[in-house]
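Below are the chains, spelled out letter by letter.
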Amino acid sequence: MDEFEEEVKELIQTRGPAEAAAKINTYLEKQKNIPVNIGITGESGSGKSTFVNAFRGLDDGDEGAAPTGIVETTSEITPYPHPHHPNVVLWDLPGIGTTKFPADKYLKLVEFEKFDFFIIISDTRFRENDAKLAKEIQRMGKKFYFVRSKIDHNVRDEERRQKSAFNEEKTLNRIRENCIQGVNSQQVFLVSSVELHLYDFRLLEETLRKELPAHKRHALLLAIPNVSLGIISKKKEALHSKIKWYAIMSAGIASAPLPGLSIAADLTMLVTVIREYQVTFGLDSSSLQNLAHSAGVPLNDLKSVMTSPLAGKEISKELITKLLSMSVGGAALMAAEEGSRFIPLFGIPAAMGLSFISTYRALDTFLTMLAEDAQRVFTKALGLNTSV
């Protein structure tokens, strides 16, 4: 049992379940707002802004997207919060070596202290400025990662040039070896911002999460785009780990001897949490539209593989109430919870137990539904069937 669980257990025993519920609510809100600040840098025209957009699930032309162009379009340090997880912010930094941001003063000018790590992007080999920047970041105790962008262009060009002699693995190895010349790094991540599910983005994501402080890994995971079935499974696991806390909160609210209060509070909480599930899996309306556009798959085709009763719906109290009432077990538990309040001596503890069970069961069911929908949508959009 970890330290927080011990605190909750002690609160329940000494101050009562309502106090424990308040403590859990504060804890969950704090977890939801843990900041992750990512500095995206590199030379002008290397594809920084497109990477920022892709990471946030946006196309270059979408509202809120970082501006892109052939010439340097980033002239200021610009934050781009994730549209659904605003605690995760990608900072589009001006190209190193520009007149306004000379290499020797770059880190000071961009206020490097606020970033958790840096991603250094290049669309060719990494140059002297990149190497100097990496060395200075390392000297100051921060992490950095080299990303070689626009790999899809290079692969396509080589395939056109070599024709039948083309070998993708050899091409990628040659690009990797070429672009690390001159920088002191054994690892460079080859990425296509247009097709994140290909090449090294999954490896980059795994590396970032592994090397982040433990309390920030969860925040980054929920914001990462669904680039594999494995990511979807990890998101489900992370979200499921919080269900017990919501269920304990529900039980704490049920300890108040006010008929109807627990069910009303539970519905509000269920709607909020299920909406979080929906956007985390990319199943909200805007995310589905962006995916359809970027994958070149009709939106209706993506919706057609979603089988849960939450598919393509606006999550509301009315919808959740309807779905719970359609479930014999869910309806029975809600009725039993309210009825048990009137049992002398044992009524409130019984109501608390039933509230815990009904909330846990509902969230577990809805989370599974949405995770399975996300897997089907991913497979349909990208034509893949892999758990990697």
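Since the model is a prediction, treat every value here as computed from it, not as a measurement.

S.K.: It is not clear to me how the packing of aromatic side chains should be interpreted in this structure. Could you clarify?
M.R.: When we look at a pair of aromatic rings, we describe it by the centre distance and by the angle of the planes. If you walk through the whole model with that rule in mind, you get 10 aromatic pairs. With centroids separated by 6.2 Å and ring planes inclined at 45°, the aromatic side chains of phenylalanine 51 and phenylalanine 55 adopt a geometry described as tilted. With phenylalanine 51 and phenylalanine 55 both in helix H3 (residues 48-55) and four residues apart, the pair spans about one turn of that helix. In this pair, the class of phenylalanine 51 matches that of phenylalanine 55, namely buried.

S.K.: I'm lost on the layout of surface pockets in this one. Help?
M.R.: Any empty space left between the atoms is revealed when a probe the size of a water molecule rolls over them. Space inside the largest pocket adds up to approximately 950 Å³. Gly57, Leu58, Pro225, Leu291 and Ser294 are, among the 43 residues lining the largest pocket, the residues nearest its centre. Broken down by secondary-structure element, the contributors of at least two residues to the lining of the largest pocket are H3, helix H9 (214-223), helix H12 (261-280), helix H13 (285-295) and helix H17 (347-382). Residues of the lining of the largest pocket, tallied by class, amount to 19 nonpolar, 17 polar and seven charged.

S.K.: Any chance you could explain the environment of lysine 317 here in plain terms?
M.R.: In this fold, lysine 317 is placed in helix H15 (residues 317-326). Looking at lysine 317, the relative accessible area reads 41%, which means it is partly exposed. As for lysine 317 and leucine 270, which are separated by 47 residues in sequence, their C-alpha atoms are 8.3 Å apart. Setting aside its immediate chain neighbours within four residues, lysine 317 contacts Leu267, Thr268 and Val271. One polar contact links lysine 317 to threonine 268, side chain to side chain, over a distance of 3.3 Å.

S.K.: Can you help me understand the confidence of the model for the protein in this one?
M.R.: Segments scoring low in pLDDT should not have their predicted coordinates read at a detailed level. Confidence in the prediction for the protein averages 81 pLDDT; 85% of positions are at 70 or higher. Counted against residues more than four places away or in other chains, residues 256-262, with its pLDDT under 50, gives 15 contacts. In this model, residues 328-348 is a region of pLDDT below 50 whose contacts with residues beyond four sequence positions or in other chains number 37 contacts.

The rules behind each value
Residues numbered from 1 in each chain as written. Predicted model: local features only at pLDDT ≥ 70, side-chain atom pairs only at ≥ 80, totals over all residues. Heavy atoms only, no water. Phe/Tyr/Trp six-rings, centres within 6.5 Å; stacked < 30°, edge-to-face > 60°. Helix = DSSP H or I, 4+ residues; strand = E, 2+ residues; numbered from the N terminus. Buried < 20%, exposed > 50% of the residue type's maximum accessible area, 1.4 Å probe, protein only. 1 Å grid on protein atoms, 1.4 Å probe; cavity = no way out; pocket = protein on both sides within 12 Å on 5 of 7 lines; lining within 4 Å. Points joined across faces, edges and corners; volume = space filled by probe spheres on them. Nonpolar A, V, L, I, M, F, W, Y, C, P; charged D, E, K, R; others polar. Contact = heavy atoms within 4.5 Å. Polar contact = N/O pair within 3.5 Å; in protein donor to acceptor, adjacent residues only side chain to side chain. pLDDT = per-residue confidence, 0-100.

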